[in-house]
Every structure is written in C-alpha cells, then in structure tokens.
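Remarks on the overall topology
Now for the letters of each chain:
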Amino acid sequence: MRQFLLTTFLLIWVSCPASLHAGDPRFTASFQTSYDGSHPDLYAQEQDRVRLLVRQSQLEISSQLGLLQYQEGFSCPLTVRFDDRPMTGLEHALAYVQILHSARGFAQELVVNLDVMAGYGRDFDPIFYHEMTHAVLNDAVVSQTQRLLPSWVQEGLATFISGEGPERVRALAQRYRKSQVHAAVRDLEVPVLDYARDYLAFKYLYTKHSVNSLQAFVRDLTEGKSPPQAIEESTGI
C-alpha cells in the first residue's frame, strides 16, 4: 500500500511587512481560479468542500491553540491550490504546506494533490486540519520570528489538533513487544520525523498541566521565545 506522507515543506521565507498588531487587516484564504489537470470532476467537487473546511478548521484550530485572532483570517496571504503534479519528494503527499518567496512578503500555499486524493479512501478532514495547523503556526510564529519551528513542535501540535495522535501511537506500539518499548523512546531534539513521539509531548502538556498551558506555550512562541523557554514558562518547571 502506498504511504501517504503528511509533510510541511518549507522553501524560503521573508518576514511580513510589519509585526502584528491588534486591528491589523487579516487575509482570508484565496483559491486558484482554474485547474487544467486530469481530475476536473474531483476538482469541482473538492473545491467547494475545501472552502468550507478552511473556514471550519480556522475557527477550531485558532480556538484550540489560543490564537483567537485567526478566527478572522491570516496575517499574511494563504492560497489553496489543487494540483496533480506535486513537488519532487512529495509525490505521495495528499496535502502539504509550503512557504513561498514573495516580493510582497511572507506567503504560504496549501496544496491538495488530486491525483493522490482520487485513490484515497479515508477521511480527508484530519489531514486538512493537520496541514492547516502548520499554516497557522507558520503565519503566527515563523513569519514574525523568521525562524523555523523544530519538527517536534510543528508535527506534535498538528497531530494533536488533527486528532490523528491515538492512531499514530497505536501504529507505533504494534511494532514493539512490551520488552522492547524503550526502543521507541527518543529525545524530542533528535531530528527524526516521529509523529507519535511528537504528539505525546503535547498530549502530556495538555493532560498533566492544562489547555491553558498548551495555549500559553503557543503564545510564548509567537512572542519569539524558544520552545524550551516556552515550556518552562507555560508549565513552571
């Protein structure tokens, strides 16, 4: 079975024209105006559904992360594009976010791969929520600090918000006997893509402390604090 990768591919970024302030104008996600690929019927069907998903996910993600300003839109442009000719290395990704180089400042693109979607038999919503969480984090943190977030922060929060975490943990657990489970434990700073590990970090933060601690962690990131600083300040440990 083909593996469907959930990936945020970060190309190059420049900062937004100015730091964010209350009352600054917000951008709603824009959509491509034409599609010349091999799935025109699927494009017509999914474009309407994704328009609804953008608004729905924006409201829910902003509420869970404590970034209520994102209920009104993004601080920098976000375009949703449908394609069946994805970037090299992302041929099997159902959806992904990329940060674009723009003369006008920071911008993002969320790409939905219709070629993959045509053969995808499961619920698309968790994947879309995963990628929209990346888009919100990029807009709120990366565009302002001009620093990429560590993979464990990006993937951990995206997997936690999207609801994919329990399935990821079960899939990982099935690969180990009880006597071998210690082999699955990795330090968060080890640069390896590990959705289960990264999800559990935020599950722990939420369960052991509170949703307030998780939201404080995210707000600290938007203020330019490093993840270790944000953990210390949001938990008091």
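Residues numbered from 1 in each chain as written. Predicted model: local features only at pLDDT ≥ 70, side-chain atom pairs only at ≥ 80, totals over all residues. Heavy atoms only, no water.

Structural notes on the pairing of strand β5 (residues 107-113)
Cut-off, in case you're wondering: The cut-offs for exposure are 20% and 50% of the maximum accessible area for each residue type, with area from a 1.4 Å probe on protein chains only; residues under the lower value are buried, those over the upper are exposed, and the others partly exposed. What counts as a helix is a DSSP run of H or I of at least four residues, what counts as a strand is a run of E of at least two, and both are numbered from the N terminus. Strands pair, by our definition, only if DSSP identifies at least two bridges between them.
The buried fraction of β5 is high, at seven of seven residues. Alternating residues of β5 divide into Ala107, Glu109, Val111 and Asn113 and Gln108, Leu110 and Val112, and every residue in both groups is buried. Alignment of strand β3 (residues 78-83) against β5, held across six bridges, turns out to be parallel. By the bridge assignment for β5, valine 80 is matched with leucine 110. Bridge count for strand β4 (residues 95-100) against β5 is six bridges, and the pairing is antiparallel. Residue tyrosine 96 lies in a different strand from β5, and its bridge partner there is valine 111.

Topic: unusual backbone geometry
With the exception of glycine, most residues fall at negative phi, and the peptide bonds are largely trans. One non-glycine residue, glutamine 146, adopts positive backbone phi at about 60°. Note on placement: glutamine 146 falls in the loop between α3 (125-145) and α4 (151-162). Residue class for glutamine 146 comes out partly exposed when judged on its relative accessible area of 42%.

Here we look at the packing of helix α1 (residues 40-65) against helix α7 (residues 211-222)
Here is the rule we go by: To get an axis, fit a line to the C-alpha atoms, keeping to the stretch in contact for a helix; angles then go from 0 to 180 degrees between the N-to-C directions. Working rule for angles: under 35 degrees goes down as roughly parallel, over 145 as roughly antiparallel, 65 to 115 as roughly perpendicular, anything else as oblique. Contacts were defined at the residue level, with two residues in contact if any of their heavy atoms lie within 4.5 Å. Following the grouping adopted for this structure description, the nonpolar residues are Ala, Val, Leu, Ile, Met, Phe, Trp, Tyr, Cys and Pro, the charged ones are Asp, Glu, Lys and Arg, and the polar ones are all others, Gly among them.
Running from N to C, α1 and α7 cross one another at 100°; their axes reach a closest spacing of 8 Å. With respect to their mutual orientation, α1 and α7 come out roughly perpendicular. On α7, the residues touching Ser63, Gln64 and Leu65 of α1 are Val211, Leu214, Gln215 and Val218. Classifying every residue of the contact of α1 with α7 by side-chain character gives four nonpolar, three polar and no charged.

Some thoughts on the packing of α4 against α7
Spelled out, the test is: For any pair of crossing helices, the crossing counts as left-handed if the nearer helix is rotated counterclockwise from the farther one by less than a right angle, and right-handed if it is rotated clockwise.
Interhelical geometry of α4 versus α7 gives an angle of 140° and a closest axis separation of 13 Å. The angle between α4 and α7 places the two elements in the oblique class. Crossing handedness for the pair α4 and α7: left-handed. Between α4 and α7, the residues in contact are Trp152, Val153, Leu157 and Phe160 and Leu214, Phe217, Val218 and Leu221, respectively. Each residue belonging to the contact of α4 with α7 can be placed in one class, and the counts come to eight nonpolar, no polar and no charged.

Section: the nonpolar core
The test is simple: As used here, the term nonpolar core means buried Ala, Val, Leu, Ile, Met, Phe, Trp, Tyr and Cys residues forming a set that is joined through side-chain atoms within 4.5 Å.
Ranked by size, the top nonpolar core spans 53 residues in total, and within it Leu65, Phe124, Leu157, Phe202 and Phe217 carry the most contacts. Looking at this core element by element, the count peaks at 10 residues for α3. Setting aside anything within four residues of it in sequence, one finds leucine 65 in contact with Thr133, Val136, Leu137, Leu157, Ile161, Leu214, Gln215 and Val218.

Quick look at the pattern of salt bridges
We apply this condition: Salt bridges are identified by distance alone: a Lys or Arg side-chain nitrogen within 4 Å of an Asp or Glu carboxyl oxygen.
Scanning all chains against the criterion turns up 12 salt bridges. Its salt-bridge partner being aspartate 83, residue arginine 81 comes within 2.6 Å of it at the nearest N-O pair. For glutamate 223, the salt bridge goes to lysine 225, with nearest N and O atoms at 3.6 Å. Judged by relative accessible area, lysine 225 falls into the partly exposed class, the value being 22%. Each of the salt bridges in this network shares a partner with another, and the network as a whole consists of Asp36, Arg81, Asp83, Asp84, Arg85 and Glu109.

Brief notes about α7
The condition is simple: Expected span, for any helix, means 1.5 Å times one less than how many residues it has. Identification of polar contacts relies on pairs of N or O atoms within 3.5 Å, with a donor-acceptor requirement for protein atoms, meaning one able to donate a hydrogen and the other able to accept it, and with residues adjacent in sequence counted only if both atoms are side-chain atoms.
Between its terminal C-alpha atoms α7 stretches 17 Å, which fits the 16 Å expected from 12 residues at 1.5 Å a residue. All of the buried residues in α7 are Ser213, Leu214, Gln215, Ala216, Phe217, Val218, Asp220 and Leu221. Buried positions along α7 lie against α1, α3, α4, α6 (195-209) and α8 (227-235). Sitting at the amino-terminal end of α7 is serine 210, which places a side-chain oxygen 3.2 Å from the backbone nitrogen of asparagine 212. Among the residues trailing α7, glycine 224 stands out with phi positive, at a value near 95°.

Comments concerning the packing of aromatic side chains
What counts here: Note on ring pairs: Phe, Tyr and Trp rings are taken, using the six-membered ring of Trp, and paired if centres are within 6.5 Å. Classes follow the plane angle, with under 30 degrees stacked, over 60 edge-to-face and the rest tilted. Here, a charge over a ring is recorded when the distance from Lys NZ or Arg CZ to the ring centre is within 6 Å and its angle to the ring normal is within 35 degrees.
Per the counting criterion, the structure on display carries nine aromatic pairs. Pairing tyrosine 35 with tyrosine 43 gives two aromatic rings, centres 4.8 Å apart and planes at 25°, and the pair type is stacked. On the basis of relative accessibility, which here comes to 11%, the residue tyrosine 43 falls in the buried class. Taken together, the ring pairs connect Tyr35, Tyr43 and Phe82 into an aromatic cluster. Arginine 51 extends its terminal NZ or CZ atom over the ring of phenylalanine 31, reaching a point 4.2 Å from the ring centre. Across the ring face of tyrosine 195, the terminal group of arginine 168 is positioned such that the distance to the ring centre comes to 4.0 Å.

As far as function goes, none of this settles anything; it's purely spatial.
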